[in-house]
Amino acid sequence: MTRLSDNMEKQAKLLSTKLLHNHRQVEVILNRSVLAWKVTEKSGKRSSGVTEGAHSHTVQVFEIVAVHKTEDDDTQTRKHQEKTKQHSQLNTYAFTVSYVRRTRQHRWRCSDVTFHCASRELCEQWIQVTNEQLLLLTNRPKSLLVYINPYGGKRRGKHIYEQKVAPMFRRAGISADVIVTERANHARDHLKTEANLDKYDGVVCVGGDGMFSEILHGLVSRTQMDHGVDQNQPDAELVPCSLRIGIIPAGSTDCICFATVGTNDPVTSALHIIVGDSQPIDVCSVHHDDIFLRYSVSLLGYGFYGDVLTDSERNRWLGPARYDLSGVKTFLSHNYYEGAVSFLPAADDSVGSPRDKLQCRSGCRICQHKSPSKASLTSEEEEEEEKSEGSSGWKVIHGKFIAINAANMSCACPRSPKGLSPSAHLADGTTDLILVRKCSRLDFFKHLLRHTNKDDQFDHSFVEVHRVRKFHFQPRHREPLSLEDLSEPLKKKTAFRPMCSAQTTCSYNTAHSSSWSCDGEILHHSAIQVSVQCQLIRLFARGIEEQQQQQQQQCVFEDPNTLWTPEPSTEMDRIFSY
Ligand SMILES: Nc1ncnc2c1ncn2[C@@H]1O[C@H](COP(=O)(O)OP(=O)(O)OP(=O)(O)O)[C@@H](O)[C@H]1O
Ligand SMILES: CCCCCCCCCCCCC/C=C/[C@@H](O)[C@H](CO)NC(=O)CCCCC
Ligand SMILES: [Ca+2]
């Protein structure tokens with residue numbers, strides 16, 4: 001017996017009525033978990049009255065967007081009234097349920113189904129009881145703070161929000177305060193110091209990965225300030241953010257949206273926000289000595305990706321195509337960089353390995369066993385952590401590298417559908433450290449090409465990959481320091497320090513050092529210390545759904561009690577027979 005069957009037997013029907021839908025009589029039932037309907041009327045064309053499966057439908061209550069009275073001037077209703085004269089007493093009272101429908105490639109759409117009732121009272125009862133069930137879904141946001149970058153990607157952020165997203169929020173009864181940004185870092189600064197966050201259930205950004213990064217920095221910094229945590233301490237235990245973040249993709253790469261939802265489609269993202277999905281995400285904190293530099297959730301890339309980003313900034317006017325041009329230029333220049341990478345491998349076996357081909361998907365078992373707080377690690381995990389830190393489980397690799405990449409999530413995006421590290425996890429407290437050593441141009445090309453097809457990009461003698469909790473990078477050549485580039489605390493620190501010391505080589509040669517790309521922002525230091533903060537934030541997402549999950553209407557990440565895979569025909573039998 002499936003878990004759904006168990007659920008169904010425990011759950012009484014809240015409503016069960018014969019109504020009209022698409023000129024046919026249907027039996028409609030609502031219980032705490034599903035709204036279901038099936039045709040009960042004999043059709044002239046069919047020999048048997050009821051066809052199981054093909055004519056029955058189930059919608060999970062937690063995927064209902066809204067229910068409302070169907071307006072009298074609704075075209076569908078009028079057409080329906082003209083056609084179904086034999087049911088004239090049923091025509092005037094109708095209600096429409098809007099719900100999530102899955103389409104191709106992880107895209108969701110909002111579909112409507114309209115039912116016609118015999119009386120006003122029955123119609124109102126359906127609307128009221130369905131709304132009561134929706135009100136029980138306390139994970140749904142009611143009030144959102146929305147930031148729109150009008151210049152991100154192809155500059156369509158405002159249009160996308162107004163045309164596609166705002167009407168859906170209105171339909172779902174969500175109120176939104178909208179701020180169209182007027183400058184870079186407007187959203188970050190507003191969140192950090194001004195916004196009254198008590199008013200909201202979530203923050204939404206309309207833009208690309210750069211805009212998401214602003215929201216991330218604003219919200220994480222604000223949370224640490226509110227709790228008196230010093231972000232400059234690399235070992236500080238950061239406080240997880242209570243507000244979830246929604247991403248309406250309208251940027252150039254949209255990697256974070258793509259890797260957490262499976263598509264960069266604004267309507268799909270809006271629906272994940274409306275149904276109140278929740279996906280915890282690891283955040284890497286990046287420090288230079290004891291100075292906080294930035295947070296990263298997707299890619300920290302030195303060498304190849306750092307150089308692509310640096311070059312692409314000069315061609316912002318080209319829009320998303322700037323990455324293609326800079327990608328080709330950087331590939332042709334074929335630079336490599338010397339340095340030492342030290343890292344703390346993830347010690348416990350429960351995190352798997354970057355080459356185990358176990359992809360992080362909705363309800364991922366590896367991520368579900370982790371938690372944002374160290375306090376809730378199991379005693380074995382705690383022992384492992386202490387052992388590895390205490391006995392200095394750190395490893396050091398010196399070498400010449402074309403690229404050093406830390407993928408905290410798969411980094412899947414339209415350019416690379418499986419991403420830089422296809423098996424990286426969204427919320428396991430680790431990042432996949434990929435070292436690409438100096439090799440021929442042809443070999444590097446083969447490696448890059450494998451990001452676009454099914455072949456294993458790690459299966460090269462010059463590539464190694466490690467799942468780590470922390471890592472440091474020290475370039476062989478000392479990096480130049482320009483005081484203009486530095487933050488205030490760092491200027492003070494640097495002012496008392498010799499620019500050249502006996503141990504370091506001060507000769508600056510552009511060919512000797514690259515920059516880090518940190519989620520698409522350039523860092524001004526090559527020597528960095530990185531630490532993964534497990535599940536520091538949560539997104540309005542549920543991870544990428546498996547094909548099977550998509551077909552069978554799977555459940556949310558947060559509630560393991562609803563993690564079941566229904567068997568469609570059995571499910572319908574039980575719903576209607578109970
Ligand atoms: N009003 C504004 N004017 C100028 N820049 C802005 C404004 N609002 C936000 N920004 C900045 O624009 C940058 C790019 O934004 P966004 O990520 O939305 O688009 P993008 O084209 O995808 O860029 P990226 O490739 O960096 O992700 C962000 O770093 C953000 O700080
Ligand atoms: C032979 C052809 C081979 C082509 C190989 C393509 C491989 C593409 C991998 C793309 C990985 C993107 C990782 C995402 C990084 C984001 O945090 C960041 C911010 O948006 N984007 C970039 O830095 C922009 C980075 C753009 C890189 C091109
Ligand atoms: Ca991770």
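Residues numbered from 1 in each chain as written. Chains lettered and ligands numbered in written order. Predicted model: local features only at pLDDT ≥ 70, side-chain atom pairs only at ≥ 80, totals over all residues.

Participant: Got a minute to help me understand the site of ligand 2 in this structure?
Facilitator: In the vicinity of ligand 2 lie 22 residues, with Asp 209, Thr 253, Ser 298, Ser 416 and Gly 520 positioned nearest. Counting only elements with at least two residues in the shell around ligand 2, the list comes to helix H9 (304-313), helix H10 (322-333) and helix H13 (441-449). Here the shell around ligand 2 takes 3 residues from H9, the largest share from any one element. Partitioned by chemical class, the residues of the shell around ligand 2 number 11 nonpolar, 8 polar and 3 charged. Of the domains in this structure, domain 2 (140-278 + 540-555) and domain 3 (295-530) are the two that each give at least three residues to the shell around ligand 2. (Near = placed C-beta within 6 Å. Helix = DSSP H or I, 4+ residues; strand = E, 2+ residues; numbered from the N terminus. Nonpolar A, V, L, I, M, F, W, Y, C, P; charged D, E, K, R; others polar. Domains from an automatic or database assignment.)

Participant: Looking at this structure, I do not really get the domain arrangement of the chain. What am I missing?
Facilitator: The extent of an interface is frequently quoted as the accessible surface area lost upon association of the parts. As assigned here, the chain comprises domain 1 (3-138 + 558-577), domain 2 (140-278 + 540-555) and domain 3 (295-530). The interface of domain 2 with domain 3 comprises 27 residues on the first partner and 24 residues on the second. When residues of the side of domain 2 that touches domain 3 are traced back to their parent elements, those giving at least two are helix H6 (209-226) and helix H7 (255-261). It is H6 that contributes the most residues to the side of domain 2 that touches domain 3, 6 residues altogether. Of the residues belonging to the side of domain 2 that touches domain 3, the class tally is 9 nonpolar, 11 polar and 7 charged. (Contact = placed C-beta atoms within 7 Å.)

Participant: Sorry, what's going on with the site of ligand 1 here?
Facilitator: Near ligand 1 there are 21 residues, and of these Gly 152, Gly 207, Gly 208, Gly 210 and Gly 251 occur at the shortest range. Residue composition of the shell around ligand 1, grouped by class: 4 nonpolar, 13 polar and 4 charged.

Participant: Before we go on, may I ask you to explain the packing of H9 against H10 in this structure?
Facilitator: Think of two packed helices as two axes; the pair is described by the angle between the axes and how far apart they sit. Where H9 contacts H10, the axes come no closer than 8 Å and their chain directions differ by 125 degrees. By the criterion of interaxial angle, the relationship of H9 to H10 is oblique. Crossing of H9 over H10 shows right-handed handedness. Mapping the contact onto sequence places Phe 304, Asp 307, Val 308, Asp 311 and Ser 312 in H9 and Arg 322, Tyr 323, Ser 326, Gly 327, Lys 329 and Thr 330 in H10. Looking at side-chain class alone, the contact of H9 with H10 contains 3 nonpolar, 4 polar and 4 charged residues. (Axes fitted to C-alpha atoms, helices over the stretch in contact; angles between N-to-C directions. Parallel < 35°, antiparallel > 145°, perpendicular 65-115°, else oblique. Left-handed = near helix turned anticlockwise from the far one by under 90°.)

Participant: Would you mind showing me how to read the UniProt feature "domain: DAGKc" (unreviewed entry) in the chain here?
Facilitator: UniProt's entry tags residues 139-290 with the feature "domain: DAGKc" (unreviewed entry), counted in the numbering of this structure. This span, residues 139-290, is 38% helix and 22% strand, and a straight line between its end C-alpha atoms measures 38 Å. (UniProt positions renumbered as here; feature names shortened; annotations may be inferred.)

Participant: Looking at this model, I keep getting lost on the pairing of strand S3 (residues 34-39). Mind explaining?
Facilitator: Two faces make up the sheet, and in a regular strand the side chains alternate between them. For S3, a buried count of 6 out of 6 residues is recorded, marking the element as mostly surrounded by other parts of the structure. Between strand S2 (residues 24-30) and the antiparallel strand that follows it, S3, lie 3 residues. Both S3 and strand S4 (residues 56-60) contribute to a ladder of 5 bridges, which runs antiparallel. Note on S4: the bridge partner recorded for Ala 36 is Thr 58. (Buried ≥ 20, exposed ≤ 12 C-beta atoms within 10 Å, placed from the backbone. Pairing = 2+ DSSP bridges.)

Participant: Sorry if this is basic, but what is going on with helix H8 (residues 266-274) here?
Facilitator: An α-helical turn contains 3.6 residues, so a residue and the one three or four places further along point in the same direction. Among the 9 residues that make up H8, 8 are buried, leaving the element largely enclosed by the rest of the structure. Pro 266, Thr 268, Ser 269, Ala 270, Leu 271, His 272, Ile 273 and Ile 274 are the residues of H8 that are buried. Following H8 by one or two positions, Gly 276 adopts a phi angle in the positive range, close to 75 degrees.

Participant: Hey, could you run me through the nonpolar core in this one?
Facilitator: The nonpolar side chains of soluble globular proteins are, as a tendency, buried together. By size, the foremost hydrophobic cluster in this structure holds 129 residues, and its most contacted members are Val 203, Cys 205, Val 206, Ile 215, Leu 219, Ile 248 and Cys 411. The element that contributes the greatest number of residues to this core is strand S21 (residues 528-539), accounting for 7 residues. When near neighbours in sequence (up to four residues on either side) are disregarded, Val 206 contacts Val 146, Tyr 147, Ile 148, Asn 149, Gly 157, Ile 160, Tyr 161, Ile 248 and Ala 250. (Core = buried A, V, L, I, M, F, W, Y, C linked by C-beta atoms within 7 Å.)

Participant: Please clarify how helix H4 (residues 157-171) should be interpreted in this entry.
Facilitator: Counted at 1.5 Å a residue, the expected span for H4 with its 15 residues is 21 Å, and the 20 Å between its end C-alpha atoms agrees. Taken together, the buried positions of H4 are Gly 157, Ile 160, Tyr 161 and Val 165. Those residues of H4 hidden inside the fold are in contact with strand S8 (143-148), strand S10 (202-207), strand S11 (244-249) and H8. (Expected span 1.5 Å × (residues − 1).)

Participant: It is not clear to me how unusual backbone geometry should be interpreted in this structure. Could you clarify?
Facilitator: Apart from glycine, the bulk of residues carry a negative phi angle, and the bulk of peptide bonds sit in the trans form. Even without glycine at this site, His 23 takes up a positive phi of about 65 degrees. Residue position: His 23 is located in the loop between strand S1 (15-21) and S2. A residue is classified by how many C-beta atoms lie within 10 Å of it, and His 23, with 14 of them, is partly exposed. One non-glycine residue, Asn 185, lies in positive phi territory at about 70 degrees. When you line up the elements, Asn 185 lands in the loop between strand S9 (175-180) and helix H5 (186-194).

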